[in-house]
Amino acid sequence: MFYRENGQFKASYVEDQQILGIRQDRWFIFGLIAFALFAVPYLASDYMFRAVLIPFLIVSLAAIGLNLLVGYCGQISLGHAAFMGIGAYAAYNLVVRFPQLNFILVLVLAGLIAALVGILFGLPSLQIKGLYLGVATLAAQFFIDWVFARVKWFTNYSPSGSVSTAPIEMFGFKFDTPTERYLLVLVVVIVFALMAKNLVRGHIGRSWMAMRDMDVAAEVIGIRPMYAKLSAFAVSAFYAGVAGAMWGFVHLGSWEPAAFSVNFSLNLLFMIIIGGMGSILGSFIGAAFIVLLPITLNQILPVLGGLVGMNFGTALASHMEFMIFGALIIFFLIVEPLGIARLWAIGKEKLRLWPFPH
Amino acid sequence: MRQRNIGDVILDVRNISLAFGGVKALQSISFDVREHEVRAIIGPNGAGKSSMLNCINGVYHPQEGEIVYKGEVRRDMDTHHAAESGIARTFQNLALFKGMSVLDNIMTGRNLKMKTGILAQALHFGPARAEELREREFCEHVIDFLEIQPYRKTPVGRLPYGLQKRVDLGRALAAQPQVLLLDEPMAGMNVEEKQDMCRFVLDINDEFGTTIVLIEHDMGVVMDISDRVVVLDYGKKIGDGTPDEVRNDPEVIRAYLGAGH
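The structure presented is a predicted model; accordingly, all values stated were derived computationally and were not measured.

Novice: Go over the overall build of chain B, please, and point to the residues and values.
Specialist: Of the regular secondary structure elements, chain B holds ten helices and ten strands. For chain B, the C-alpha radius of gyration of 19 Å lies close to 18 Å, the compact-globule estimate for 261 residues. Within chain B, the proportion of its 261 residues that are buried is 43%. Relative to all contacts within chain B whose residues are 6 or more apart in sequence, the contacts with residues 24 or more apart total 66%.

Right, dumping it as structure tokens:
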């Protein structure tokens, strides 16, 4: 009833090409951003920031990166956490070796280094597709894991192999409290999400989607497969690198090589499958899902179990988590391969007509 | 009768041979295409027509022969070079970008004209924005021309077949080609759709002066709209000339109708 675009006429291509074409959508998103920026810092508890909001935002960014590659360009990657690892260790080394660098610059440089590595491991995509490419990226994952576990230079010769970061400081301002860290992450994520959206609606995004949908036709149009695929790998790894650097510095604070293991890579893949392939919004939804589900289950299952007289320990809860994940992924692959974002889009389309059938 | 303004030879195919393993798809095929003409390639199924187009725009690389395009002699073409020098094509079995809207499909056809870098694109500011708007305007002309305005935001997968064929043509047109290769543009269409498509092909040829090389099975269509026809059979050229010459060629009649008729 209220979700109508009646009377909203588009008189120019600029208006027609804006990201949120319908006024109600615009209000909703601006409202959401304003809420996240101005209201959440006063409402949420420290636990909420540490355990939910900060990981959710950072993981969303990584999921956006993976979605650019898998959802938009159609190239699979099973090693995206490794690119996050590259970003995290690159940022660590930059901070250790050049302590005077601004943190934002560190993030960007860490992203660029990850992008270079991404291009390197994207090279097989020029020759192989699908499952075979998946295996090649899995090799990247294990190789990068091995490098950070064995080559001591990257961990600055720390005896245990784990590294810990200095507090983040920018322009003389220290990001100590969870609220400040949350705001830092939020701003970075908003900016990068917007940039991702701009990329996919421009000609570079179209060349990625063309490669995904019909590579021969794309080539005939004059799109170079090498440029399209490698740029997707580079941008995707850049996002993963920035997310990884934030994961290390803002979320973890100190970590070991196992922090960026193949499990994390698969989780990222689950996020975009559940959230929605080829959708920036879907990356957020999927990330929220994967971050929130374990926490919710931990809270709810014991209560539910109490009702039916069963004792749910934490071990059982975590087993339940795996089972529910598995079931959901199978469900989405069969019923809606384009994920929750697609369901959301269908819902909106229906809502435009509601309560009328046509 | 339409006013014709046929120019010099723009594309000259010389002794092209193409084999896949032991299968000889094309055997020493030669023909030329003049600027602004409508040139048809006909032949029974498996005659090598699509292979011929694939050689011209660089998807296949012939083992022998050479292709002279706009005076430049090449051993074989490469897809990027072909696209850049003004050869566009449509596909026999629709090769649209299924996940994208009609507008995005046509905009993708314009990809070569868009040069701004990744950073400018990500910021969507200044040159990137101006470029997007400029190319959008051009694509709107293509959309108007093909009369698909109501569908511009529709995902192509949802359109009926005849319209998808039109989008395929639009995507090729967006590149402003000098030579347009059409691979069975009217296959699977009903009479009205075929008439529409013929009209579009002739209009493209008239209004933009685009040279057209088309593969078609509908003999009525071929004889009506083309200036000259090449006939292939089992990878060999068996006829070449105006529609009337080809129609009366005994060799062509034999290939199409079988011996003894």
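Novice: Any details on the overall build of chain A? Residues and values, ideally.
Specialist: When helices and strands are counted, chain A shows 14 helices and four strands. Its C-alpha radius of gyration of 21 Å places chain A within 12% of the 21 Å reference for a compact globule of 358 residues. Here the C-alpha coordinates of chain A stretch approximately 70 × 65 × 45 Å along the principal axes. Relative to its full complement of 358 residues, chain A shows a buried share of 42%.

Novice: Describe the interface of chain A and chain B, listing the residues and the values that go with them.
Specialist: If you look at the interface, chain A gives 27 residues, while chain B gives 32 residues. No other element matches the eight residues that helix α8 (residues 203-213) of chain A contributes to the side of chain A that touches chain B. Of the residues that constitute the side of chain A that touches chain B, the class distribution is 14 nonpolar, eight polar and five charged.

Novice: Explain the sheet that holds strand β3 (residues 38-42) of chain B to me, and be specific about the residues and the numbers.
Specialist: All names here are of chain B. Read from one edge to the other, the open sheet built from six strands follows the order β6-β7-β8-β3-β9-β10, with strand pairing classed as mixed. In this open sheet, the two strands that pair with only one neighbour each are β6 (87-89) and β10 (236-241). Taken over all neighbouring pairs, the strand axes of this sheet differ in orientation by 15° on average, direction set aside. Here helix α1 (residues 49-56) sits on the sheet and contacts β3, β6, β7 (179-183), β8 (211-215) and β9 (228-233); the angle it forms with β7, its principal contact strand, is near 150°. Its contacts with the sheet put helix α7 (residues 191-208) on β3, β7 and β8, and the angle it makes with β8 is roughly 155°.

Novice: An account of the sheet that holds strand β4 (residues 64-69) of chain B is needed here, citing residue identities and associated values.
Specialist: Residues and elements named next belong to chain B. The four strands are arranged β2-β1-β4-β5 in an open sheet whose pairing can be described as antiparallel. Two strands lie at the open edges of the sheet, namely β2 (23-34) and β5 (72-74), each paired on one side alone. Across the sheet, the axes of successive neighbouring strands diverge by a mean angle of 15°, strand direction being ignored. The pairing of strand β1 (residues 9-20) with β2 spans eight bridges and is antiparallel. Along β2, the bridge assignment pairs V9 with R34. Lying on the sheet, α1 is in contact with β1, β2 and β4; it crosses β1 at an angle near 115°.

Novice: Give a detailed account of the nonpolar core, specifying residues and quantitative values.
Specialist: Ranked by size, the top nonpolar core spans 172 residues in total, and within it I58, A62, A114, Y239 and M246 of chain A carry the most contacts. Ranked by the residues each element gives to this core, the list is headed by helix α10 (residues 225-252) of chain A, at 17 residues. Of the domains in this structure, domain 1 (1-86 + 177-261) and domain 2 (97-174) of chain B are the two that each give at least three residues to this core. Dropping the residues within four chain positions of it, A114 of chain A is found in contact with F83, I86, G87, A90, A237, F238, A240, G241 and G244 of chain A.

Novice: Quick rundown of the domain arrangement of chain B? Include the residues and the values.
Specialist: All names here are of chain B. According to the domain assignment, chain B contains domain 1 (1-86 + 177-261) and domain 2 (97-174). For domain 1 versus domain 2, the separation of C-alpha centres amounts to 27 Å. Every contact between the two is made by eleven residues of domain 1 and, on the other side, eight residues of domain 2. Listing elements by their share of the side of domain 1 that touches domain 2, those giving two or more residues are α2 (79-84) and α7.

Novice: Would you mind going over helix α2 (residues 23-43) of chain A in detail, with residue names and values included?
Specialist: When the terminal C-alpha atoms of α2 of chain A are compared, their 28 Å separation across 21 residues agrees well with the 30 Å that a helix rising 1.5 Å per residue should span. For α2 of chain A, the tally of buried residues reaches only zero of 21 residues, placing the bulk of the element at the surface.

Novice: Please give an account of the packing of helix α4 (residues 80-97) of chain A against helix α5 (residues 103-122) of chain A that cites residues and values.
Specialist: Between two packed helices, both the angle of their axes relative to each other and the distance between the axes serve to describe the pair. Residues and elements named next belong to chain A. One can describe the packing of α4 onto α5 by two numbers: an axis separation of 8 Å at closest approach and a directional angle of 135°. It follows that α4 is oblique to α5 by the angle criterion. Relative to α5, α4 is oriented so that their crossing is right-handed. Contacts between α4 and α5 involve F83, I86, G87, A90, A91, L94 and V95 on the former and, on the latter, V106, L107, L109, A110, G111, I113, A114, V117 and G118. Classifying every residue of the contact of α4 with α5 by side-chain character gives 13 nonpolar, three polar and no charged.

Novice: Describe the environment of N5 of chain B, listing the residues and the values that go with them.
Specialist: All names here are of chain B. With respect to the helices, strands and loops of the structure, N5 is situated in the segment before β1. On the basis of neighbour count, N5 is assigned to the exposed category, with 10 C-beta atoms found within 10 Å. Residues N5 and D206, 201 residues apart in the sequence, show an inter-C-alpha distance of 9.3 Å.

Calculation rules
- Residues numbered from 1 in each chain as written.
- Chains lettered and ligands numbered in written order.
- Predicted model: local features only at pLDDT ≥ 70, side-chain atom pairs only at ≥ 80, totals over all residues.
- Helix = DSSP H or I, 4+ residues; strand = E, 2+ residues; numbered from the N terminus.
- Rg over C-alpha atoms; globule rule 2.2 N^0.38 Å.
- Buried ≥ 20, exposed ≤ 12 C-beta atoms within 10 Å, placed from the backbone.
- Contact = placed C-beta atoms within 7 Å.
- Nonpolar A, V, L, I, M, F, W, Y, C, P; charged D, E, K, R; others polar.
- Pairing = 2+ DSSP bridges.
- Axes fitted to C-alpha atoms, helices over the stretch in contact; angles between N-to-C directions.
- Core = buried A, V, L, I, M, F, W, Y, C linked by C-beta atoms within 7 Å.
- Domains from an automatic or database assignment.
- Expected span 1.5 Å × (residues − 1).
- Parallel < 35°, antiparallel > 145°, perpendicular 65-115°, else oblique.
- Left-handed = near helix turned anticlockwise from the far one by under 90°.

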